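An overview of the molecular structure
Residues per chain, in single letters:
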Amino acid sequence: MNFAKNVELIVSSPKSGCINVLVPRCLIGNGQDVLGVSTDNEGLCPLQVEWRDGKISSIKGLNDASKVPNEILLPRFAEPHAHLDKAFSWSRAPNLRGSYQEALVANLTDYKLRSQDQLIFSVEKSLNLAYFNGIRAIRSHIDSFGKDAMSDWDLLENIRKKWREKILLQFVALVPLNFWQTYEGKLLAQRVACNGDLLGGVIAPPFNKKETFNSLLNLVQLANRLRCDIDIHIDESQTWPAAGLKLLLEILGQVDNEISITCSHLSSMGLLKEKKISNLANKMAENKLNVVALPLTNSWLLGRKGRSTLIKRPLAPIFQLQKAGVVVSVGGDNVNDSWFPLFNFDPINLMAFSMPIAHLSPWDRLGLSPFTSSASHMLSLQWDGTIQKGSPADFILLDSNSWVKALSERPQRKVVVNGEFLNEMPKRKKINNDSF
Ligand SMILES: [Zn+2]
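Residues numbered from 1 in each chain as written. Predicted model: local features only at pLDDT ≥ 70, side-chain atom pairs only at ≥ 80, totals over all residues.

A look at the overall build of the protein
- Within the protein, the regular secondary structure consists of 15 helices and 15 strands.
- Taking 2.2 N^0.38 as the reference for a compact globule, 436 residues should give roughly 22 Å; the C-alpha atoms of the protein span a radius of gyration of 22 Å, in line with that estimate.
- By principal-axis analysis of the C-alpha atoms, the protein measures approximately 65 × 50 × 50 Å.
- The burial tally for the protein puts 47% of its 436 residues in the buried class. (Helix = DSSP H or I, 4+ residues; strand = E, 2+ residues; numbered from the N terminus. Rg over C-alpha atoms; globule rule 2.2 N^0.38 Å. Buried ≥ 20, exposed ≤ 12 C-beta atoms within 10 Å, placed from the backbone.)

Considerations on helix H11 (residues 347–358)
- In this model, H11 (12 residues) spans 15 Å end to end at C-alpha, consistent with the 16 Å of a helix rising 1.5 Å per residue.
- Listed as buried for H11 are Pro347, Ile348, Leu350, Met351, Ser354, Met355 and Ala358. End-on view of H11: buried residues confined to an arc of 140 degrees, all on one side of the axis.
- Positive backbone phi, approximately 55 degrees, marks His359, located one or two places after H11. (Expected span 1.5 Å × (residues − 1). Arc of directions from axis to C-beta.)

Concerning the pairing of strand S14 (residues 413–417)
- Buried residues dominate S14, accounting for 5 of its 5 residues.
- Going residue by residue along S14, you find Arg413, Val415 and Val417 tucked away on one face and Lys414 and Val416 tucked away on the opposite face as well.
- Looking at chain direction, strand S13 (residues 395–398) and S14 are connected through 4 bridges and run antiparallel. For Ile396, the partnering residue across the bridge sits in S14 and is Val415.
- Remark: 2 residues form the turn of the hairpin made by S14 and strand S15 (residues 420–421), two consecutive strands paired antiparallel; Asn418 in that turn has positive phi of roughly 50 degrees. (Pairing = 2+ DSSP bridges.)

Regarding the nonpolar core
- Judged by nonpolar contacts, the single largest core of 90 residues is most densely connected at Ala173, Leu199, Val291, Ala293 and Ala316.
- Aside from chain neighbours lying at most four places away, what touches Val291 is Cys263, Leu266, Ala316, Leu321, Val326 and Val328.
- Of all hydrophobic cores here, the second largest spans 27 residues; its members include Val23, Ile396, Ala406 and Val417. (Core = buried A, V, L, I, M, F, W, Y, C linked by C-beta atoms within 7 Å. Contact = placed C-beta atoms within 7 Å.)

As for the environment of Thr262
- One can find Thr262 in strand S10 (residues 261–265).
- For Thr262, a count of 24 C-beta atoms within 10 Å translates into the label buried.

Examining the domain arrangement of the protein
- Here the protein is partitioned into domain 1 (3–76 + 385–421) and domain 2 (79–360).
- Using only C-alpha atoms to locate each centre, domain 1 and domain 2 end up separated by 33 Å.
- With 6 residues of domain 1 in contact, the opposing surface of domain 2 contributes 6 residues.
- Tallied by class, residues from the side of domain 1 that touches domain 2 come to 3 nonpolar, no polar and 3 charged. (Domains from an automatic or database assignment. Nonpolar A, V, L, I, M, F, W, Y, C, P; charged D, E, K, R; others polar.)

Some points on the packing of helix H6 (residues 209–226) against helix H7 (residues 243–252)
- Two numbers describe how H6 lies on H7: the axes approach to 10 Å, and their chain directions differ by 55 degrees. By the angle class used here, H6 and H7 are oblique. Read as a crossing pair, H6 and H7 show a hand that is right-handed. Residues Thr212, Phe213, Leu216, Leu217 and Val220 of H6 pack against Leu247, Leu248 and Ile251 of H7.
- The residue makeup of the contact of H6 with H7, split by class, is 7 nonpolar, 1 polar and no charged. (Axes fitted to C-alpha atoms, helices over the stretch in contact; angles between N-to-C directions. Parallel < 35°, antiparallel > 145°, perpendicular 65-115°, else oblique. Left-handed = near helix turned anticlockwise from the far one by under 90°.)

Points about the packing of helix H3 (residues 116–133) against helix H4 (residues 149–163)
- Running from amino to carboxyl end, H3 crosses H4 at an angle of 30 degrees, the nearest separation of the two axes being 11 Å. By the criterion of interaxial angle, the relationship of H3 to H4 is roughly parallel. Between H3 and H4 lies a crossing of right-handed hand. On H4, the residues that touch Gln116, Leu119, Ile120, Val123 and Leu127 of H3 are Asp152, Leu155, Leu156, Ile159 and Trp163.
- Its residues assigned to classes, the contact of H3 with H4 comprises 8 nonpolar, 1 polar and 1 charged.

What follows is the structure in structure tokens.
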């Protein structure tokens, strides 16, 4: 029986269905549901999952070893770090050498010249891809320091409303740190806080320690006054290991912080000696800092050295952070722009490419959680992505019976949203026919 046919047969009515699937054991929320059920050596558990009115109504273990299900069920994913506003701008702002500095120059030039139609194109194309690939929520940083920043946010608010049944959107205002001290910065911060969005910024070397300390202190205080969370690009670099993080921890030692702070990238921290990594990771855990590791863009941009291949690459020390109790998720970051030319808002693709870079394994709980439950936690989503009775029927079904095949063979995929199977992805031509 082929995959499509199988899916057709098991759908009994809208928002309801029943399917035999393999589910990662570490994503099963209630151990009672799988008592006595075998788990294969890749951590997959054979289950019958039934749902009604968009919610899981029952989960039963399957114990017939001769009938192993042919599909893997995963929760719809949360993308913890994207840049929807500049996705697919590569043709306008290419960066053929691939360096951080050249990416920044191309980004700034394009940002000044970008039209609102081009912004809409980037965001809509990204959301369409993300939706059909099985993403349910996205936190996106938005360049917000130009003259059109407020009207860009108006436009994004409309897009957020239009998409809210399909993808939950969270925005982070990405600006130079000292922008938050200006009049325009304070206005923007109020708006961001009212929306429940986040304040952002960038700390990357070389920077003036005193000025950066003051700007960051101001940001943390402003965010606390407004009860608004922060997500900053920090230490996306191969030099000055963890210099930005050290400043942040120094500040958090001096202020009462009540908001959630996410450190995106944190790449250069991985270059420190183990003892220093461990000390910093413990302080991060004490301060409840979250981390989004971004292996794809880090591998592409950082540590380039002419025609010699750098073997030691900057990347957030994911295992050591997890060991200290820091929540770490993995994000996709840039898509087809001056910072990273590849990628496509596909969470399975993200796993397949970043797992080898970061030594994460899908059959380990802490290897899978950065892509699933940790990302949901970081975005404060109502559902953490674990599968149990009462959970939303929001799934991806992969036509595969093992992780190795699923991540190697581009299996067919079905996406279930609120209990209903999505139709196929619109034809590629339709999505690409805009020629920005
Ligand atoms: Zn980013």
